[in-house]
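Architecture and fold: a report
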Amino acid sequence: MSPPIKISHFEQLKASGDLPSPKGAALAIIRLTRKEDLSLAELARVIKTDPAFVGRLVKAANGVAISPGRPIASVQEALMVVGLPAVRNMALGFSLLSNYRSGGCEHFDYERYWSGSLVMAIVCQGLGRRLRCASPDEMFCLGLLARIGELALATLFPREYSEVLVEGRARDADELIAMERKAFAMNHRELTAAMLADWGLPVIYQEVAYHFEAPLGAAFGEESREAKILDALCLAHEIAQLCLADPAARPALMEHLSPVADRTGMAPEALDTFIEEVTREWTEWGKVLQVATQRFVEPVHAQAGAAGTAKSTRPGEAPPCVPPASGVSMRVVVVERDAKVRATLRGVLERAGHRVFESDDGRHGMELALEVQPQMMLVDAHMPGVGGIALTRALRQTRIGRSIYILLLTSREDDERLIEAFENGVDDFVTKPIRSRVLAARLRAGHRVIRLQQEVERDREEIRRFAAELAVTNRRLQEVALTDQLTGFRNRRYAIDRIAQEWSASMRSRRPLSCMVIDIDNFKQINDTYGHDVGDAVLRQAASAIKLGLRSQDVVARTGGDEFLVLCPDTDLRAAMHCAERLREAVHGARVSVSRLNLRVTISVGVAERDASMPDADAMIKRADQGAYVAKAQGRDQVATVQQRVAGAAEAASAVEPTDGGAVPQVPPRETANSK
Ligand SMILES: Nc1nc2c(ncn2[C@@H]2O[C@H](COP(=O)(O)OP(=O)(O)OP(=O)(O)O)[C@@H](O)[C@H]2O)c(=O)[nH]1
């Protein structure tokens, strides 16, 4: 697949720093899995710095629906079962999920996005097993990330994308894509494919993710692996819609689902059971990843009600959706095993106007911090299991944890221990027993630091946004610079680059390459008779007719006043002549209406195919040009070539037939065009 977004533009977007990307431990895991001399012990060590990922990895290794013999409990074992590519993909997917579960795009429903993506991941994983078309773990990742371009637009352009979403609410998918393109000079499907490519996912997944929302546009072989994976992703998408839909809308969605399921070879009864399994796994994974499912799951599958919907800050239950802090109020997570101390801290903090989230152990405190994303944490130094210093160290390795102001609660002021604490990332400490006034003073000092940090972050944000806008502006300018404003076709500049690319590709692959030079007949006469405006309208309508007659792989450009060039990759002379004849007929048949005039417009087309006698692409175009000249000379409104099929054969001064025996369509002279 040719890159859906020009690499340089994608690099500019990346450089803006706002594109969703894996962070912290996940990034380290991804980098490590790329090393050739990787040791499992080294990888396990890095994985263990991220307790949340450990839990998810072990869960994946045990499998959600299948029941293995002895449950897997260690990271090393889990690594061996799941395999490196899957670990890498999981780190990527889960890191994005943890870091981008909320954001500033007002009308983008982050919760719904991740919930739906999780359904897609689970369906893909199940179908990977069933259809044996790809590794189930890789399929999980594909499902989870297949719509990442939407999240990226929400992250890069929160305000503008929000407006597009509002405006596009009542529109269909194609219209939304067109609106995205207009607003950002790219659409989410292109962005998804570019991001998957950037993260090194196999081309097959990039292609499938690009096409699954409009699968008819994909040209995969019927029984090919690509087609199977595409069918799986389409079904995953449909099931996700079903899971997230209002109960009233479900029967209609179910009807839509059956034919898609049928393509994956799933009978209606099997589909029901499959959906039940999916919703059960969805609920389970939802708990592990703290992705909301209860909001949607109940009406799809009754058992899910048992999972409960109570709001809580315990892990595995519905995550609190916390808006970013503003003003003097901060979100503060207190991790302290002693309930009395917690109560004291809560009192001081709440009196100062802060929101408090509590935990009584280090492991849960870590999860709570990643979830709540507090500005400040108060952590007990001496907890059993994960103590305050270990917790700080682990937090500092995550993007969220890096910016939290951490106060250590310690009962003794041992110098060595304090130095160790600061070295591991603690910002300040308070000694127990807690003296409220001292604590309040330290909170104020911490608050000052946080405010300064926020100011820096705001400035940084501004710069990032500016860089992202610049990337879009550049992309738009590039588009404008390469597009003919009158017809919307690519222009001569673009054509020059593209011809060179197609020429090299054709030389390398030894596949045929043809081109056509198209010239509107007696166009000067139209201008002279009816004026330039009418001439322009004729050009536009002729261009539309040409476009309709082209195949998807053909590339058309307006290369001069009334002249167009069409490149036909993978096409020999005979096929190109047929195609040219179709274009000629399309223009001939389309009566051009402008003002109150009804004009007949015709074109002359010259065709040529790359052959061994041609030193470069210019030679091929020259040959096509000569064909157009012959077509004009023979009376216009026709297709001609001056080329013989066999390389090096002498040129004919007029249209010829190919030497392979098949007749190249030659069009007899017609009545001259442009009669009213
Ligand atoms: N309306 C309009 N006319 C243009 C534009 N660009 C070039 N032209 C005119 O297009 C005409 C091209 O005419 P030619 O290709 O030389 O000749 P023709 O009349 O088409 O005759 P044949 O090609 O021999 O059939 C010239 O009169 C140009 O001025 C444009 O953007 N709009």
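These numbers come from a predicted model, not from an experiment. (Residues numbered from 1 in each chain as written. Predicted model: local features only at pLDDT ≥ 70, side-chain atom pairs only at ≥ 80, totals over all residues.)

Points about the sheet that holds strand β5 (residues 428-431)
In spatial order, the strands read β2-β1-β3-β4-β5; together these five strands make up an open sheet with parallel pairing. The sheet terminates laterally at β2 (355-359) and β5, the two strands that pair on one side only. Between one strand axis and the next, the sheet turns by 20° as a mean value, whatever way the strands run. Judged from the five bridges that link them, strand β3 (residues 376-380) and strand β4 (residues 405-410) form a sheet pairing that is parallel. Within β4, the position partnered with Val379 by the bridge is Leu408. Helix α20 (residues 388-396) rests against β1 (331-335), β3 and β4 of the sheet, and its axis sits at about 145° to β3. (Pairing = 2+ DSSP bridges. Helix = DSSP H or I, 4+ residues; strand = E, 2+ residues; numbered from the N terminus. Axes fitted to C-alpha atoms, helices over the stretch in contact; angles between N-to-C directions. Contact = placed C-beta atoms within 7 Å.)

What to know about the pairing of strand β11 (residues 603-609)
With respect to burial, β11 is a largely interior element, seven of its seven residues being buried. Burial along β11 is two-sided: Ile603, Val605, Val607 and Glu609 and Ser604, Gly606 and Ala608, pointing in opposite directions, are all buried. Judged from the seven bridges that link them, strand β6 (residues 513-520) and β11 form a sheet pairing that is antiparallel. In the sheet register, Ile520 faces β11, and the bridge partner there is Ile603. The pairing of β11 with strand β12 (residues 639-640) spans two bridges and is parallel. Residue pairing for β12: Gly606 is matched across the bridge by Ala640. One crossover worth recording links β11 to the parallel β12 by way of helix α28 (residues 617-633), and it is left-handed. (Buried ≥ 20, exposed ≤ 12 C-beta atoms within 10 Å, placed from the backbone. Right-handed = clockwise from strand over helix to strand, strands pointing away.)

Thoughts on unusual backbone geometry
Each neighbour pair has its own omega, and for Lys432 with Pro433 the value is 0°, a cis peptide bond. Notably, Arg636 is not glycine yet its phi reads approximately 70°, a positive angle. One can find Arg636 in the loop between α28 and β12. Judged by the 20 C-beta atoms lying within 10 Å of it, Arg636 falls in the buried class. Of note, the phi angle at Asp637 is positive, near 50°, even though the residue is not glycine. Along the polypeptide, Asp637 turns up in the loop between α28 and β12.

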